[in-house]
Amino acid sequence: MNKLIKATWVAGFLCLALPAVAQQGQGSQLEEAEIVIRKDRRITLPPATRNFEKIPQLPVSETDTKQEYTFKRFSYRLSPLEPTFRTVNFQGNERISELTSNFLKLGYGNYQTPYLEGYLGSKRQESYLFNLYVRHLSSKNGPVFDENSGEGRTEAAIGAKYFSNVNKVSGSMNYSNHKVHFYGYNPVLNYEAGQIEQKFTRFSTNVLIENANKEQNFDYHFKTDWIFFKDNFDARENKFNFDVGGFYIINDDLRLSADLLATLSKRQDLQEDNRSYLNFRPRVNYQTNGFTFKAGFNLAGDNGYNKGLHFYPTIKADYALSSGFRIYAGIDGDIEFNSVESSVNENPFLMANFDLRNTEKKSEYFGGLDFELFEGFTLSSGFSYASLNNLQFFTNGSDSTRFEILYEDGTTRRLNVFSAINFENTGKVRSSLRFDYFNYALASLEEAWHKPNFKTAFNTTIFPIKKLTVTTDLYYLAGLMALNRETAQTFELDDIIDLNLGGRYEINERFGVFLQINNLFGKEYERYLNYPSRGIQFLGGLSVAF
């Protein structure tokens with residue numbers, strides 16, 4: 001995109017950005033999603049998963065910059081592979097008491113794209129519930145070479161929860177299969193689809209025990225999960241995660257909390273690697289008269305590049321100047337566990353035996369403000385300045401169809417300035433707009449390969465008439481630089497603008513229809529070098545509640 005358009009985006013960003021303030025660090029570890037049945041709710045369809053940052057899709061961003069191990073749905077990752085369609089979330093005033101949350105959705109789109117999603121849950125019980133979920137979305141053909149750039153994903157999960165007066169115990173078993181192709185090859189070459197196919201399979205199971213009595217002045221939880229992840233070559237990863245924590249309320253103003261995170265992982269590829277990770281997070285939280293002060297530390301380490309345990313202070317002060325105006329500032333530090341799975345989720349076209357390291361956030365200074373101009377309309381602005389070791393950068397390797405991960409020899413310093421607007425008029429419209437600017441001060445690399453300098457996300461849901469919901473999503477990504485190490489050439493990738501429209505109409509209490517149109521501009525942009533995305537994509541279908 002030409003310089004004039006870039007300048008326009010920057011000017012719009014600077015106009016919205018109030019005094020520099022903070023962005024929340026991205027957590028890169030995915031947690032299992034748990035399906036909870038509520039019979040008093042109308043069936044809602046899943047949120048959009050299209051996203052810039054990862055190859056398979058954006059979560060409502062928050063202004064706190066702490067790097068948490070939570071799953072955020074407001075994301076920038078825009079997939080060049082998967083046309084991840086959503087039908088909009090809709091919740092009318094009428095309740096259908098005789099219906100459960102069970103549903104079945106069927107659809108079909110261009111690129112020979114079948115879609116199926118279903119959920120089956122038990123009826124309300126006093127002490128237990130269970131549920132089953134399945135989803136399939138695939139495109140036989142892709143943007144180039146027909147079947148050679150096809151892609152598909154299948155997911156299934158079964159879960160259960162038991163309630164007592166003392167504890168809640170829940171668990172699930174999950175399966176997913178994701179198929180892609182290394183289609184970023186020279187057109188003069190002639191490959192069969194099977195020769196360049198890559199397939200990722202994931203099995204997992206998890207158990208969560210938590211306190212059921214929320215009237216007590218203390219709380220606790222224990223979660224553990226096992227994850228097995230593999231590709232169709234030599235890569236294997238076994239991973240055990242543990243999360244133990246709780247809090248104790250001393251009085252109305254003072255609270256103590258602590259969490260202990262641990263991971264034991266075994267990676268098998270061209271060679272074996274046993275990896276371990278530990279993170280202890282005690283906190284003291286004090287609040288009075290509009291002032292909140294949270295202090296503690298992260299004692300984190302691994303047996304890799306961050307050998308031993310390291311101490312990272314974490315402090316955040318928050319002050320409400322009025323009922324609708326809040327300012328905050330703080331400092332943080334941590335170590336983020338990177339796995340084979342999390343790296344593949346960022347970029348599924350990785351080469352075998354890629355270099356894998358945990359990312360150390362030596363320090364991050366942040367500040368920001370939130371201002372509620374009137375009910376339902378909020379402005380946010382902030383900044384963060386982080387010093388990072390072993391931040392992942394992706395470049396095409398000696399085989400230009402596959403990517404390797406590069407790390408800096410020294411510390412990477414990253415500045416992020418953001419501004420956001422959120423508006424909601426209940427039952428009529430929900431809208432969010434966010435601008436992000438990133439600047440990287442590099443120690444050894446020439447560029448921040450495949451890291452954007454500008455991000456913009458605009459999401460709106462409108463309820464124009466009863467039973468009809470319309471969504472609009474606009475994503476913008478700019479400043480992407482790429483390096484092909486096979487030819488030693490550098491490339492400035494075109495800016496990405498992706499506009500999506502969706503709608504859902506409820507025919508009656510049980511039946512509905514939906515239509516999703518993605519990438520309306522039809523531009524086959526490249527999020528990663530040599531890998532164009534699909535053009536305009538359609539998906540329509542029928543949903544049934546029972």
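Anything mentioned here points back to the structure above.
What counts, and where the lines are drawn
Residues numbered from 1 in each chain as written. Predicted model: local features only at pLDDT ≥ 70, side-chain atom pairs only at ≥ 80, totals over all residues. Heavy atoms only, no water. Core = buried A, V, L, I, M, F, W, Y, C linked by side-chain atoms within 4.5 Å. Buried < 20%, exposed > 50% of the residue type's maximum accessible area, 1.4 Å probe, protein only. Helix = DSSP H or I, 4+ residues; strand = E, 2+ residues; numbered from the N terminus. Salt bridge = Lys/Arg side-chain N within 4 Å of Asp/Glu carboxyl O. Polar contact = N/O pair within 3.5 Å; in protein donor to acceptor, adjacent residues only side chain to side chain.

Participant: Any details on the nonpolar core? Residues and values, ideally.
Facilitator: One recurring pattern in soluble globular proteins is that nonpolar side chains are buried together. In this structure, F349, L350 and F403 are the most contacted members of the largest nonpolar core, which totals 19 residues. Those elements giving two or more residues to this core turn out to be α2 (340-346) and β17 (403-406).

Participant: How would you summarise the pattern of salt bridges if you had to cite specific residues and measurements?
Facilitator: Enumeration according to the criterion identifies 16 salt bridges in this entry. Across the pair K361 and E364 runs a salt bridge whose closest N-O atoms are separated by 3.1 Å. Overall, K361 belongs to the buried group, its relative accessible area being 3%. Its relative accessible area of 1% is what places E364 among the buried residues. Through salt bridges with shared partners, a single ionic network connects R202, K239 and E341.

Participant: Tell me about the environment of F463, and please be specific about residues and values.
Facilitator: Relative to the helices and strands, F463 resides in strand β20 (residues 454-465). Distance from F463 to R430, taken between C-alpha atoms, is 9.0 Å for residues 33 residues apart in sequence.

Participant: Break down the environment of N174 for me, with residues and values.
Facilitator: Within the secondary structure, N174 is located in strand β5 (residues 167-181). Residue N174 is classed as buried on the basis of its relative accessible area of 12%. Residues N174 and R202 lie 28 residues apart in sequence; the distance between their C-alpha atoms is 7.9 Å. There is a polar contact of 3.2 Å between the side chain of N174 and the side chain of S172.

All quantities given are derived from atomic positions and should not be read as evidence of function.
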